[in-house]
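# Architecture and fold: a report
The lines below spell out each chain.
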Amino acid sequence: MTSGILVSSESDSGLRELLTKGRELSNALNVELSALVIGKTDDKDIQSYFDYGAQKVLMITSISPEMLDAETYTFTLSEVARDAADILLITSTRMGKEVAGRVAQRLQAGCITDAIGLTTKGGDLIIDRYALGGNTISSEIIKARKKVISIMPKAFEANPSPTTNGKVETIDIKPPMRRVEIIERKKKLGESVSIESAETLVCVGKGISKKEDIEIINELCSTLKAELGCTRALSSDFHWISEDRMVGISGKRCKPRLHVSIGISGQIQHSVGIMSSKLIVAINRDKEAPIFKISDYGIVGDLYQVVPKLNERIKAIGT
Amino acid sequence: MKQVVDLQQIRIKRETREPVLEGLSVLFGDMDKNALEEAVRIKEKHGAKITVLSVGSSRLKETVLEALAMGADEACIVVDDACEGSDTAASAMVLAAAVRKIGSYDLILVGEGSSDNYSGQIGSRLAEILGIVQVTYVRQLSIEGNSVTAVRDIEDALEVVKTNTPLVISVTSEINKPRRAPLTQILRASRKPLNIWTLKDLGIDANTVGLRSSTIQVASNLAPEQERKGVIFEGDVTVAVAKLVDALRKEGALS
């Protein structure tokens, strides 16, 4: 018997995803679902947490969500979860992932980060995550009573499931003095990129031989109204494309309806980021490239010949 | 640093979707090398002593020489069969005990995650056990005396933070490009101190680590099911493109 599920996220959209999944689990395990909310007091916000299935909202008003740091977040979650919950679900942002490990250590909990699936089977929680660099999906059970799980953003859809008679509880938390001083926080340069939510995504890799040639890919993107993504080599190593467009295990994960992969061999570190695409199309010179094994359609050929022709053809039929 | 199998070499059994892990070569994780490279750069600038610390199988001896050749001064490896199958909590406990045995330190540098499981828990757990500060996802680091300034990569923002040693720092792959160990150093590396410890040396009860005491039970570990069509066009580019566009239209992917 568990004492309850507590969910926490830095963003409202993240919280709604976790609440939706949390509600399913709380029904299956017959335990209470609580949402931890830091610094929010607006009635409309609180009501939206009930709308997405929270049975209890635990409000922390003594901490400002602005400039929240990992130490304060760790302290807050540990203090609340110690008594309020055996299962703690956090969004696996970088902050969430760091905090998951720290809270788990404080509470002597078992911890799984970057979960992509969460189901119940005979009272057990089965947690799926990528393993072996994305080669496999490992399904794991936490045997410790306390469980801390960080869940990939957008792993679950948010669906309303209103609770009536939800309770609000205010908790007074006094975090310790900060040991790390935040000097500044600045948004990364570059236009806003929405790889994760793109409906059509075109990804390019080392098959392109110089920076200027990315233009032919951009043309295809504009025809398809697609977002541009890339492999690690093109962003981190060559700096041809900004890092916020990097797709893969250390970058972003996408789930577009159409994914076009150009000049990408399909090493697992990249392809793990595209597995959730509905339709994958690959263009590569090498017939043996692993990308073709995970593609729905492919053309074996030189991207410099294929891409302009493909662009023309799609333009001709009009999209 | 964590030793992992070469992930590029992993083959998947077609019938069972099981990964084949036998006979693979082993190496240190990519971001673990970024952490070591950063340590070497700090040493070159400010002077320092670098100790490589790792817990793992007896095959660690195969990879630790490379780390020494990259510029570490000594290595401490914890090799004990009882550690096989440990969860991150147990591994962090062993590493923390080894850190205490090493004694004084200013910085503990780790990769943001291992190449294989990328769970990113070790740094967090170490900092908690040792009761010291942790600064994660660092892509730029500068040190002055005991003052540390770091630029953290937190998804859509960069954050500049300041704190003091001792602390745990986790680095991202953007922080540097790890050097290849020069041949002369590889030859010299085998003469650098290599301490091989067992759990007993660290005063750890073997029953508190390993698979039996793990809080994580792996129910299955298989390659994901891929139901892809695998229709590949070859030959004349114009024809192939026409066929592809036709197929995409039928899929409704171009609307």
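Quick notes on the rules
Residues numbered from 1 in each chain as written. Chains lettered and ligands numbered in written order. Predicted model: local features only at pLDDT ≥ 70, side-chain atom pairs only at ≥ 80, totals over all residues. Domains from an automatic or database assignment. Helix = DSSP H or I, 4+ residues; strand = E, 2+ residues; numbered from the N terminus. Expected span 1.5 Å × (residues − 1). Buried ≥ 20, exposed ≤ 12 C-beta atoms within 10 Å, placed from the backbone. Contact = placed C-beta atoms within 7 Å. Core = buried A, V, L, I, M, F, W, Y, C linked by C-beta atoms within 7 Å. Pairing = 2+ DSSP bridges. Axes fitted to C-alpha atoms, helices over the stretch in contact; angles between N-to-C directions. Nonpolar A, V, L, I, M, F, W, Y, C, P; charged D, E, K, R; others polar.

## Overview of the domain arrangement of chain B
- Along its sequence, chain B is organised into domain 1 (3–213) and domain 2 (225–255).
- Of note, the centres of domain 1 of chain B and domain 2 of chain B, computed from C-alpha atoms alone, are 45 Å apart.

## Remarks on helix H1 (residues 12–29) of chain A
All names here are of chain A.
- In this model H1 runs 25 Å from its N-terminal to its C-terminal C-alpha over 18 residues, within 8% of the 26 Å that 1.5 Å per residue would give.
- Here H1 has its buried residues at Gly14, Leu15, Arg16, Glu17, Leu18, Leu19, Lys21, Gly22, Arg23 and Ser26.
- Along its buried surface, H1 packs onto strand S1 (5–8), strand S2 (33–38), helix H2 (43–51), strand S4 (87–91), strand S6 (117–121) and strand S9 (147–151).
- A positive backbone phi angle near 60 degrees is found at asparagine 30, which sits one or two residues after H1.

## Points about the nonpolar core
- In terms of nonpolar packing, the biggest core is built from 59 residues, with Ala35(A), Leu36(A), Tyr49(A), Leu88(A), Leu89(A), Val103(A) and Ala115(A) touching the most fellow members.
- With six residues, helix H4 (residues 94–107) of chain A is the single largest residue contributor to this core.
- Ignoring sequence-local partners within four residues, the contact set of Leu89(A) consists of Ile5(A), Val7(A), Leu18(A), Gly22(A), Ile149(A) and Ile151(A).
- By size, the runner-up hydrophobic cluster in this structure holds 54 residues, among which are Leu53(B), Leu60(B), Val99(B) and Ile204(B).

## Considerations on the sheet that holds strand S8 (residues 136–142) of chain A
- If you trace the four strands from one edge of the open sheet to the other, you get S6(A)-S7(A)-S8(A)-S13(B), paired in antiparallel fashion. Two strands lie at the open edges of the sheet, namely S6 of chain A together with strand S13 (216–222) of chain B, each paired on one side alone. Strand after strand, the sheet turns through a mean of 30 degrees between neighbouring axes, direction not considered.
- Summarising the sheet, S8(A) and S13(B) pair through six bridges and their orientation is antiparallel. If you follow Ile141(A) over to S13(B), its bridge partner there is Gln217(B).

## Points about the domain arrangement of chain A
Residues and elements named next belong to chain A.
- When cut into domains, chain A gives domain 1 (5–171) and domain 2 (200–317).
- Taken together, the five residues of domain 1 in the interface contact six residues of domain 2.
- Class assignment for the residues of the side of domain 1 that touches domain 2 results in two nonpolar, three polar and no charged.

## Focus: the sheet that holds strand S10 (residues 167–171) of chain A
All names here are of chain A.
- Reading across the sheet, the seven strands line up as S5-S9-S4-S1-S2-S3-S10 and stay open at both edges, with parallel pairing between neighbours. In this open sheet, the two strands that pair with only one neighbour each are strand S5 (110–115) and S10. Going from strand to strand, the sheet's axes swing by 20 degrees on average, the running direction of each strand aside.
- With three bridges connecting them, S1 and S2 associate as parallel partners. Opposite valine 7, over in S2, you have alanine 35 as the bridge partner.
- This element, H4, spans S4, S5 and S9 of the sheet and lies at about 170 degrees to S5.

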